[in-house]
Amino acid sequence: MAAERRILITAGPTYEPIDAVRFIGNRSSGRLGCALAAAARDAGWDVTLLLGPVAQDLPEGIAVHRFETSDELADLLDRHFPNCDMLIMAAAVADYRPPVVSERKTPRTAGSLTLKLEPVPDLVAQCAEQRRPGQRIVGFALEEPTQLASRAKEKLRRKGVDYIVANPLATMGAGSIQAVVFTADGREITPPNDATDKSAFSRWLIEFLSGE
Ligand code: CTP
């Protein structure tokens, strides 16, 4: 393995509150991020996992910090990103959130209700802007299968990361994964055929990244 030892992994969805009891979330299970954390631990990395509101069994021997909102995840990244050698950003972070959150439960009325949403900052792009030399960043891209490669390459550039793991939409919440890895230096790497369940894929990805 290369000289780096400390890896930071984010996983799971964010929940963006609407009022005292409601939120906007997504179907991410956090399963892939937890499998990546276990694979990295087994490969000798010192692992910190930032995990969203999911019911996954926590991998042993790993420092875990929990978040619910994108703001809480941003705070955890501020605290932990400077100390890592590699960030794997597998969390499914919201793109939009309500700018104002009522502390009460919004009552039902006869008419329709319009929710105003504001953009959530691109957290992985912010990490890429702040990184020190030698820190590597892996982003994820969840895409329609027909646009997988073009959109993943566009995200690689726009977010300023070193690698994008591109998945078709069906990956979210599923047990298996059919990913392609695009690198900032122009390579496209397909995992071996037997690396389609999330644990096997995680072992392959960690081995690949450790050898880079
Ligand atoms: N991401 C992030 N902050 C956000 C949204 C996404 O850091 N507010 C990260 C995700 O963790 C992932 C990568 O960006 O590593 C790509 O996420 P994805 O949802 O596929 O892309 P978006 O930038 O949200 O673009 P779009 O929704 O248009 O596909």
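Residues numbered from 1 in each chain as written. Predicted model: local features only at pLDDT ≥ 70, side-chain atom pairs only at ≥ 80, totals over all residues. Heavy atoms only, no water.

(A) Geometry of the side chain of H80. Along the chain, H80 turns up in helix α2 (residues 70-80). In this structure H80 comes out as buried when scored by relative accessible area, which is 15%. Beyond its immediate sequence surroundings of up to four residues, H80 is in contact with L8, T48, L50 and H65. (Helix = DSSP H or I, 4+ residues; strand = E, 2+ residues; numbered from the N terminus. Buried < 20%, exposed > 50% of the residue type's maximum accessible area, 1.4 Å probe, protein only. Contact = heavy atoms within 4.5 Å.)

(B) Spotlight on the side chain of R97. The residue R97 is located in strand β7 (residues 96-97) in this model. Polar side-chain contacts of R97 include one of 3.3 Å to the side chain of S70. In contact with R97, not counting residues within four places along its chain, are E16, S70, D71, K116, L117, E118, P119, V120 and P121. (Polar contact = N/O pair within 3.5 Å; in protein donor to acceptor, adjacent residues only side chain to side chain.)

(C) Just the sheet that holds strand β12 (residues 188-189), in detail. With mixed pairing, the 8 strands of this open sheet are ordered in space as β5-β4-β1-β6-β9-β10-β11-β12. The open sheet has two edge strands with one neighbour each: β5 (63-66) and β12. Relative to strand β4 (residues 46-51), strand β1 (residues 6-11) runs parallel, the two sharing 6 bridges. Paired with T10 across the bridge in β4 is L50. (Pairing = 2+ DSSP bridges.)

(D) Region of interest: the site of the ligand. A91, D95, F140, K155 and K159 are the nearest of the 18 residues found near the ligand. R151 is positioned such that a nitrogen or oxygen atom in its side chain is 2.9 Å from an oxygen atom of the ligand. Contact between the ligand and K155: an oxygen atom at 2.7 Å from a side-chain N or O atom of the residue. Here the ligand has 570 Å² of accessible area as a free molecule, and 82% of this is covered by the chains. Residue assignment for the shell around the ligand shows that the elements contributing at least two residues are α3 (123-130), β9 (136-143) and α4 (148-159). Considering only residue class, the shell around the ligand consists of 11 nonpolar, 1 polar and 6 charged. (Near = heavy atom within 4 Å. Areas by Shrake-Rupley, 256 points an atom, 1.4 Å probe, with all protein chains shown as cover. Nonpolar A, V, L, I, M, F, W, Y, C, P; charged D, E, K, R; others polar.)

(E) The arrangement of the nonpolar core in detail. Counting residues in hydrophobic clusters, the biggest one holds 33 residues, and the most contacted among them are I7, I9, L36, I88 and L205. The set of elements that each furnish at least two residues to this core consists of β1, α1 (31-42), β4, β6 (86-89), β9, β10 (163-168) and α5 (198-211). Membership of the second largest hydrophobic core comes to 26 residues, among which are L50, L73, V124 and C127. (Core = buried A, V, L, I, M, F, W, Y, C linked by side-chain atoms within 4.5 Å.)

The values are spatial; any link to function lies outside them.
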